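Inside the fold
One letter stands for each residue in the lines below.
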Amino acid sequence: MTAFVEHDNPGPFATDGEIAAINLESARCGAWARFAQDPRLPGVAEEIVANERLASQFLGDLDVLDRLDTLALQFERADGSSRALLVQAEVASTAHRFDDARVYLARAVRMGAPREAIERQVLTIDQACGVELDAVLAARHGFATASGRLEDLVPLGAVLADLERFAEADAVYRQAFSSYDDVSPFPLAWVCFQLGLLWGELVPIPDPSLAAFWYRRAIAYLPGYVKARVHLAEICASEGRTGDAEALLLPALSSRDPEVRWRLADVLVAQGRLEEAERQLDAARSGFDQLLEGHLLAFADHAAEFYAGSGNDCRRALELARTNVANRPTRRALKQAHAIAVIADEPGAASDPHEALSAGASV
Amino acid sequence: MSDHVDGPRSIGDPSADITDLFAFTSPDNPTRTVLAVDVFPSAGEDAIFSNIIKYSIAVRRVTVVGVGNSAKFQPADDEFRFSFRFDVLKRDAAGKAIQLGLCTLPGGRELSLTVGDEKGASTPEGDVRVFAGLRSDPFYLAWDVAELTKLPNLLQHTNVLCIVVEFDTRRVLDTTKGSLFGAIAETVPPQQRSLIAPPIARIDWIGRPEQTNIRLNNPALSAIQDLRDLWNQQTPFAVSKELQSLFLQRLKDSLANWDMHDGKADWTPEALAANANVFLDDFLLFDVAKPINDESHLEIEKSTINGLPYQTGGGRTVDANSIDILLTWLVNRDREFLQGGATGATKPGMKSFPYFATPNTELQTVAESVELAATPDDVWSLIGQFGGAWHPLTARVNLTGAGIGQLRTIQTVDGQKIVERLEAIDDAKRFLRYTNIAGMAASQYSGTLEVKPKGSGCVVDWRAQFLTSDKTDRAVKVIVTTLFKAGLESLKPRFGVAK
């Protein structure tokens, strides 16, 4: 599969990424201050969830899940309406506690929460868990056709990618990118990242240079985009450009995302700087352990990848991968668990993960 | 809210989201007029302007071409436009981020400015002075608008990004040709190439307050299409002829609904239609030859619809109670003033440039909790004692007085002294509230401690809110967080951790 890219097209203009990041933090703090005055203020709890998710997704802020837990707890005490349940569901879903989220949504339904709000959340959960994907696709098509907006097109692209309809996913992502008519860099960086992921990791034969092109664009929109830096650094390192990889990772260290330290450790090993690498690896291990202690389901897949690789603990990796599969049996989760089972020399690991998926078996 | 978050699109970049527009005579110099636009609802203390948005205030001469039920204000084609652009951040010698801007004045003159500089920037001739930066939000809304029940100010302690233009009225507006004007403000993105759809002309615009959130998108009207983004794409002073009937019908429906909020019909259908027509032409009217004061907002429109010559300069001052003036007009046609739950914004405006009050220090919040494997009453019996010394960082506690109002003086293990006052306590609900009197580098410090049942155990929730001076908020937050965590952690071995 190949793709056409207009390398000379700068893409839509957007507010400078540094300004946008400062303003996100500003809006986030402003919303919390208003919540502190009165948790029931219209729309404020929901605004906090939205801002915190952006901070997590784009800035690698690892304290987001703890803050959201606090929000859910305080909001539940302050507001006895279905609003609190919807917020609790969003918070649970953000932490990949999908079963909890479904319970909150079921209670919200009984309390008469708006149907559209419920359906949107259920759709997100189904997509994240890889269940009812045909129905998810139909619904995503409906939303995207009705609005034509980036925020509806990107999830459509994602479900197409989940269904391994990569060419269609690519087309939808490009449509989202081209049709964007606002000025926030976050949505544009998001589409670029999704395209990088598509071409770097999801297609059967990855195209690292195309993936790098999109990751670079994501970083151009948002220099503080931690995940894009990590993924681009991986590509650079795999091509032997360890200096470039290091330059990408160093500014992201302040995010405290252990994946940054893990990838940096790999780069340092490749450069023969073994003592520094060991320190970074220890920090990464400690970081993952801390995250797993608080939010196991949210970080199980990334931690599994770490322990299967430089973390050097295949048993733990397999345990985490299985936890992830049990929580959300997506094709990617199953593939990951299968691959780790093979590394761990687990009996029966050679079976096709897709067969296991269709049979509903654990890997 | 006035125009705060007035459409799904404007949620994208808060610095492009217009909240309010003002037009008034300078309280400092009656020969000068002030125009101002606010953006970024509930901006935090570090908020800055987008580097790709053009922020504009445009003014057109207006003529009254109809009165009574034919009331109509006709804007001229020519306009006076003040446009602001801002740069990406630069660092000064100390490494501090600064943002520079450029204002293009009517006629093309340019004026450079630095964001946040209270002195602003002036033309060499002194006829125009501009400011841009963070200020206390002058807007206040103290209603549940859908139910029309009073609330405290929903925007208390919030800030906005503010752009102010002050100018010599006669020199800039040429008042020999007339003194009545209409103003709008808009945020304009770059006209970028799109393969899919035509570029959007603007992110947001505003004329009179509440065109979008109260009139077009009346929260009391159920199951209506959200017209706010469509409205924001209209050209100010020239709403699309094809869409005028759609917007007009929505305005009529909305105003009819507002009229009946108190159960009384104060508007005839003809007068209501005239009101809708006037609001459809959405610009902030002001007359520089007449007095503009805190009560004059909308007076030009109201008198003209009532078939009378207007007496004031209308406009909108920093302290104008715009929401209550509007609601009174819509609900009972000025029969009885509807006063919301607040009589002013967090801070009043200033009498001198830049007229908008300094930003509010951000209210800091610390919240920590712990879940314990003990009954709420058991835990409360320990920590619910206002004079108790259960906290591991406490060396000694002395109580002064009794009951509500009593003081506790805490001597910490490192020799610090903290004085706190008991404001409320409810042993049945296992809740207490206290304020700090001394010992914390913070003001308006209010703390709550609460124990609630959870499962077979309980959860202890400890919270504090406070204001700090500019430089110390993070440091104080760390101190309070450490204090709370240490205290709550100490409860775990005593009572056990909930499973």
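Before going further, it helps to spend a moment on the overall build of chain B. Within chain B, the regular secondary structure consists of nine helices and 23 strands. Taking the principal axes of its C-alpha atoms as reference, chain B extends roughly 80 × 60 × 50 Å. Of all 499 residues assigned to chain B, the portion counted as buried reaches 46%. The contacts of chain B with a sequence gap of at least 6 include a subset with a gap of at least 24, amounting to 60%.

All right, on to the overall build of chain A then. A count of helices and strands for chain A gives 19 helices and zero strands. Looking at chain A residue by residue over its 363 residues, the buried ones come to 54%. In chain A, the proportion of contacts linking residues at least 24 apart, taken out of those at least 6 apart, comes to 53%.

What follows concerns the interface of chain B and chain A. With 38 residues of chain B at the interface, the matching set in chain A holds 31 residues. Elements with a contribution of two residues or more to the side of chain B that touches chain A: strand 2 (32-43) and strand 17 (364-372) of chain B. Looking at which element gives the most residues to the side of chain B that touches chain A, the answer is strand 17 of chain B, with three residues. Residues of the side of chain B that touches chain A, tallied by class, amount to 20 nonpolar, 14 polar and four charged.

The next point concerns the packing of helix 4 (residues 82-94) of chain A against helix 5 (residues 98-110) of chain A. All names here are of chain A. One can describe the packing of helix 4 onto helix 5 by two numbers: an axis separation of 8 Å at closest approach and a directional angle of 165°. In terms of axis orientation, helix 4 runs roughly antiparallel to helix 5. Helix 5 is crossed by helix 4, and the crossing has left-handed handedness. Counted together, Ser82, Leu85, Leu86, Gln88, Ala89, Ala92 and Ser93 of helix 4 and Phe98, Asp100, Ala101, Tyr104, Leu105, Arg107 and Ala108 of helix 5 form the full contact between these two elements. Of the residues assigned to the contact of helix 4 with helix 5, the class counts are nine nonpolar, three polar and two charged.

This paragraph deals with the domain arrangement of chain B. A common measure of how large an interface is: the accessible area buried when the components associate. Domain boundaries in chain B define domain 1 (9-332) and domain 2 (364-495). Using only C-alpha atoms to locate each centre, domain 1 of chain B and domain 2 of chain B end up separated by 45 Å.

Residue and element names in this part refer to chain B. Strand order in this open sheet of seven strands is 17-23-22-21-20-19-18, and the pairing throughout is antiparallel. Of all the strands in the sheet, just strand 17 and strand 18 (394-400) have a single pairing partner and so form its edges. Along the sheet, successive strands turn relative to each other by an average axial angle of 20°, direction set aside. Pairing of strand 20 (residues 417-426) with strand 21 (residues 431-438), which is carried by seven bridges, proceeds in the antiparallel orientation. When the sheet's bridge partners are listed, Arg421 is paired in strand 21 with Thr435. Seen against the sheet, helix 8 (residues 376-383) touches strand 17, strand 22 (443-454) and strand 23 (457-467) and runs at an angle of roughly 150° to strand 22.

Turning our attention to the domain arrangement of chain A. Residues and elements named next belong to chain A. Along its sequence, chain A is organised into domain 1 (16-128), domain 2 (132-222), domain 3 (225-293) and domain 4 (295-363). Measuring from the centre of the C-alpha atoms in domain 1 to the corresponding centre in domain 4 gives 29 Å. Every contact between the two is made by six residues of domain 1 and, on the other side, five residues of domain 4. Class assignment for the residues of the side of domain 1 that touches domain 4 results in four nonpolar, one polar and one charged.

Consecutive side chains along a regular strand alternate between the two faces of the sheet. Residue and element names in this part refer to chain B. Taken across its nine residues, strand 10 (residues 128-136) has nine buried, putting it largely inside the fold. As judged from the two bridges shared by strand 9 (residues 121-122) and strand 10, these two strands associate in the antiparallel manner. Counted as the bridge partner of Ala121 is Val130 from strand 10. The hairpin formed by strand 9 and strand 10 contains five residues between the paired strands, and Gly126 there has a positive phi angle of roughly 80°. Examined bridge by bridge, strand 10 and strand 13 (residues 159-168) share nine bridges and lie antiparallel to one another. Looking across to strand 13, one finds that Ala132 is bridged to Ile163.

Moving on, we come to the sheet that holds strand 1 (residues 18-25) of chain B. Residue and element names in this part refer to chain B. What the five strands build is an open sheet, ordered 1-2-13-10-9; its pairing is antiparallel. Since the sheet does not close on itself, it has two edges, and those belong to strand 1 and strand 9, each with one partner. Both strand 1 and strand 2 contribute to a ladder of seven bridges, which runs antiparallel. The residue of strand 2 that forms the bridge with Phe24 is Val34.

A few words now on the nonpolar core. As a rule of thumb, soluble globular proteins bury nonpolar side chains together. Ranked by internal contacts, the top residues of the largest apolar core, which has 189 residues, are Ala189, Val191 and Ala218 of chain A together with Val164 and Ala183 of chain B. In contact with Val164 of chain B, other than residues within four places in its own chain, are Val34, Ala36, Val130, Phe131, Pro354, Tyr355 and Phe356 of chain B. Counting residues in hydrophobic clusters, the runner-up holds 35 residues, among them Leu141, Leu216, Trp231 and Ile305 of chain B.

Moving on: the packing of helix 10 (residues 185-202) of chain A against helix 12 (residues 226-238) of chain A. Residue and element names in this part refer to chain A. The N-to-C vectors of helix 10 and helix 12 enclose an angle of 30°; their axes lie 11 Å apart at closest approach. As the angle between them shows, helix 10 and helix 12 are arranged roughly parallel. For the crossing formed where helix 10 meets helix 12, the hand is left-handed. In this structure, helix 10 contributes Ala189, Phe193, Gly196 and Gly200 to the contact, and helix 12 contributes Lys227, Ala228, His231 and Ile235. Across the contact of helix 10 with helix 12, the residue classes break down as four nonpolar, three polar and one charged.

Looking now at helix 13 (residues 242-249) of chain A. Given 3.6 residues to a turn, an α-helix orients residues that are three or four positions apart in the same direction. All names here are of chain A. Buried within helix 13 are the following residues: Thr242, Ala245, Leu248 and Leu249. On an axial view of helix 13, the arc spanned by its buried residues comes to 120°, and they lie on one face. In this structure, the buried residues of helix 13 make contact with helix 12 and helix 14 (258-270).

Here Phe353 of chain B and Pro354 of chain B are connected by a cis peptide whose omega angle stands at 5°. Looking at the element boundaries, Pro354 of chain B is found in the loop between helix 7 (322-332) and strand 17. Its identity is not glycine, yet Glu164 of chain A carries a phi of approximately 65°, on the positive side. For Glu164 of chain A, the position within the fold is in the loop between helix 8 (150-162) and helix 9 (166-179). The backbone of Asp174 of chain B sits at a positive phi, close to 50°, despite the residue not being glycine. In this structure, Asp174 of chain B sits in the loop between helix 1 (169-173) and strand 14 (180-188).

Residue and element names in this part refer to chain B. As paired elements, strand 3 (residues 54-66) and strand 14 share eight bridges and run antiparallel to each other. The partner of Lys54 across the bridge, within strand 14, is Val188. Taken together, the 10 bridges between strand 3 and strand 4 (residues 72-86) define a ladder with antiparallel strand orientation. For Arg60, the partnering residue across the bridge sits in strand 4 and is Glu79. Hairpin geometry of strand 3 and strand 4 is characterised by an intervening segment of five residues between the two adjacent antiparallel strands and by a positive phi of about 60° at Gly68.

Before going further, it helps to spend a moment on the environment of Leu161 of chain B. Residues and elements named next belong to chain B. Examined against the element boundaries, Leu161 turns out to sit in strand 13. Considered as a pair, Leu161 and Pro359 are 198 residues apart in the sequence and their alpha carbons are 9.4 Å apart. In contact with Leu161, other than residues within four places in its own chain, are Ser15, Asp38, Val39, Phe40, Ala43, Ala47, Phe49 and Leu134.

Residues and elements named next belong to chain A. Mapped onto the elements, Ile118 comes out in helix 6 (residues 115-129). Taking the C-alpha atoms as reference, Ile118 lies 9.5 Å from Ala89; in sequence the two are 29 residues apart. Residue contacts for Ile118: discarding those within four places in its chain leaves Leu105, Ala108, Val109 and Ala113.

Residue and element names in this part refer to chain A. In this model helix 14 runs 19 Å from its N-terminal to its C-terminal C-alpha over 13 residues, within 8% of the 18 Å that 1.5 Å per residue would give. The element helix 14 is largely enclosed, with a buried count of 11 among its 13 residues. Taken together, the buried positions of helix 14 are Pro258, Glu259, Val260, Arg261, Trp262, Arg263, Leu264, Ala265, Asp266, Val267 and Leu268. Of the surrounding elements, those touching the buried residues of helix 14 are helix 12, helix 13, helix 15 (274-294) and helix 16 (296-308). Once helix 14 finishes, Gly272 follows within two positions and takes phi at roughly 80°, a positive value.

Calculation criteria
Residues numbered from 1 in each chain as written. Chains lettered and ligands numbered in written order. Predicted model: local features only at pLDDT ≥ 70, side-chain atom pairs only at ≥ 80, totals over all residues. Helix = DSSP H or I, 4+ residues; strand = E, 2+ residues; numbered from the N terminus. Buried ≥ 20, exposed ≤ 12 C-beta atoms within 10 Å, placed from the backbone. Contact = placed C-beta atoms within 7 Å. Nonpolar A, V, L, I, M, F, W, Y, C, P; charged D, E, K, R; others polar. Axes fitted to C-alpha atoms, helices over the stretch in contact; angles between N-to-C directions. Parallel < 35°, antiparallel > 145°, perpendicular 65-115°, else oblique. Left-handed = near helix turned anticlockwise from the far one by under 90°. Domains from an automatic or database assignment. Pairing = 2+ DSSP bridges. Core = buried A, V, L, I, M, F, W, Y, C linked by C-beta atoms within 7 Å. Arc of directions from axis to C-beta. Expected span 1.5 Å × (residues − 1).

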